[in-house]
Amino acid sequence: MRTAAAARAAGARTAPTRRTAPVRHAALGLLAAALLAGCGTGTPGAAPEASATPATTAPSGGTAAPDPSRSPAGRTPEGTLLVADFGADTVTFVDPGPDGSGRGGAPIASVKAGTAPYGLVVGEDGRAWVATAEGVAVVDTRQRTRLALIPYATESGPVTTGEYRGGGMGIAMAPDGGHVYVGVNVPGGDGAVEVIDTATREVTGTARVGMRPFDVDVSPDGREVYATDHDSFDVTAVDADTLATRRMEVAPYGTEGGLGSWLKPHYAVVRPSDGALLLPFEGERLAVLDPRTGRVAIERMTANTHQHGAALAPDGTLLVVGTGPIGPDDEEPSLTVRAPDGTERIVPLDGPHEDVAVSKDGRTAYVTGGFTRDGHWNGITVVDLDDEKSEPVRLAAGNRPLGISVL
């Protein structure tokens, strides 16, 4: 149940201000700081690498061995899923089954990428760009082979694994495919957005951004790049030409608790119609950031659960991953299906999840079970967006899959 203060704030439309969070969330922030665990804190090394044991019974009970017979060498069918294996140094290609339903699907092949892959983006030419701890891997998804590993220009410390590792996190591509932008985490300090020329595969520029750039997005016209800075409660806009930056606070619960707070921005999507950034918080509030003015409007959400990954379907439907409760009044993991008019359908999920992608026809959502904290499982949940009565399907996929794309 929400507090009255939370319910009032969820319906308000305000600019971001520093204010005291509701009692429930302030207490949670203090608890998170004390525990130094989970995505709430940016303390390097605070949490060990999680076990690969599924939170619930996965289709295979563990990491499924790829079945190359599903796709002959050199041929990757359209609609195949590609996931970043945060628990390994690979990306895994996954057959989503007939009509992408998940039923009867299985991993096809895994390709070495680099240590602890996080986010990925795929261009029209079939090349995937994968943010790892040691550099950006370039993978030919048609031939299923790694072409290059581009080291970062930013010093981010030793190459390690786990939630607080340094190196690449969010990653995005310019609309014309000419550049890739990767958010580089520097443990204990401000991060960076690095610009990679996709033709030369070289880093051509670096812009300083906030702490732990969980997500990176690009404006529809390609003129600005946005880093969602988890540990500094803001979004950094980067001019794609000059690399000049400006920071915009996005903190609908305030910034009390600092690094120990759970109530920070995680992932964003850019709304094509007006260029606004949509950032979900706690299944209670959707922060709508106007990057031209820095103003934030708040819209109500209904899942009441800690939220991470987000994606937009072709018709403007917003999909948001609910990772599960961080407090006694929170609901379990879910996928929010939010129509452009703001109405929502909440699809329960079995166990924690992290990120989401949607099929090109907008009929199916694929939600990764990797999760940045403990409790992950090695698979994908497939949700039929057209049939509200259908049960989600669990599909084996890689090793702690985080980032996901539909090829």
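Residues numbered from 1 in each chain as written. Predicted model: local features only at pLDDT ≥ 70, side-chain atom pairs only at ≥ 80, totals over all residues. Heavy atoms only, no water.

**Some thoughts on the side chain of Arg165**
Right, on to step 1. One can find Arg165 in the loop between strand 7 (145–150) and strand 8 (167–173).
Right, on to step 2. Residue class for Arg165 comes out buried when judged on its relative accessible area of 3%.
Right, on to step 3. Engagement of the side chain of Arg165 in a polar contact is seen with the backbone oxygen of Ala116, the distance being 2.9 Å.
Right, on to step 4. A polar contact of 2.7 Å, which involves the side chain of Arg165, links it to the backbone oxygen of Gly168.
Right, on to step 5. Beyond its immediate chain neighbours, meaning those up to four positions away, Arg165 contacts Phe86, Thr115, Ala116, Pro117, Tyr118, Ala131, Thr132, Ala133, Thr160, Asn185 and Pro187. (Helix = DSSP H or I, 4+ residues; strand = E, 2+ residues; numbered from the N terminus. Buried < 20%, exposed > 50% of the residue type's maximum accessible area, 1.4 Å probe, protein only. Polar contact = N/O pair within 3.5 Å; in protein donor to acceptor, adjacent residues only side chain to side chain. Contact = heavy atoms within 4.5 Å.)

**Regarding the sheet that holds strand 1 (residues 81–85)**
Right, on to step 1. Read across the sheet, four strands follow the order 3-2-1-28 without closing on themselves; strand pairing throughout is antiparallel. In the strand order of this sheet, the two ends are held by strand 3 (106–112) and strand 28 (401–406), each with one partner. Between one strand axis and the next, the sheet turns by 25° as a mean value, whatever way the strands run.
Right, on to step 2. Note that strand 2 (residues 90–95) and strand 3 share six bridges and pair antiparallel. Paired with Phe93 across the two strands is Ala109, which belongs to strand 3. (Pairing = 2+ DSSP bridges. Axes fitted to C-alpha atoms, helices over the stretch in contact; angles between N-to-C directions.)

**Quick look at the nonpolar core**
Right, on to step 1. Counting 16 residues, the largest nonpolar core has Val235, Val250, Leu277, Leu279, Ala287 and Leu289 as the members making the most contacts within it.
Right, on to step 2. Mapped onto this core, the elements with two or more residues apiece are strand 14 (234–239), strand 17 (277–281), strand 18 (285–290) and strand 19 (295–300).
Right, on to step 3. The greatest single-element share of this core, amounting to three residues, is contributed by strand 17.
Right, on to step 4. When residues no more than four places from it in sequence are discounted, the contact partners of Leu277 are Tyr226, Val235, Ala268, Val269, Val270, Ala287, Val288, Leu289 and Pro291. (Core = buried A, V, L, I, M, F, W, Y, C linked by side-chain atoms within 4.5 Å.)

By themselves these figures say nothing about function.
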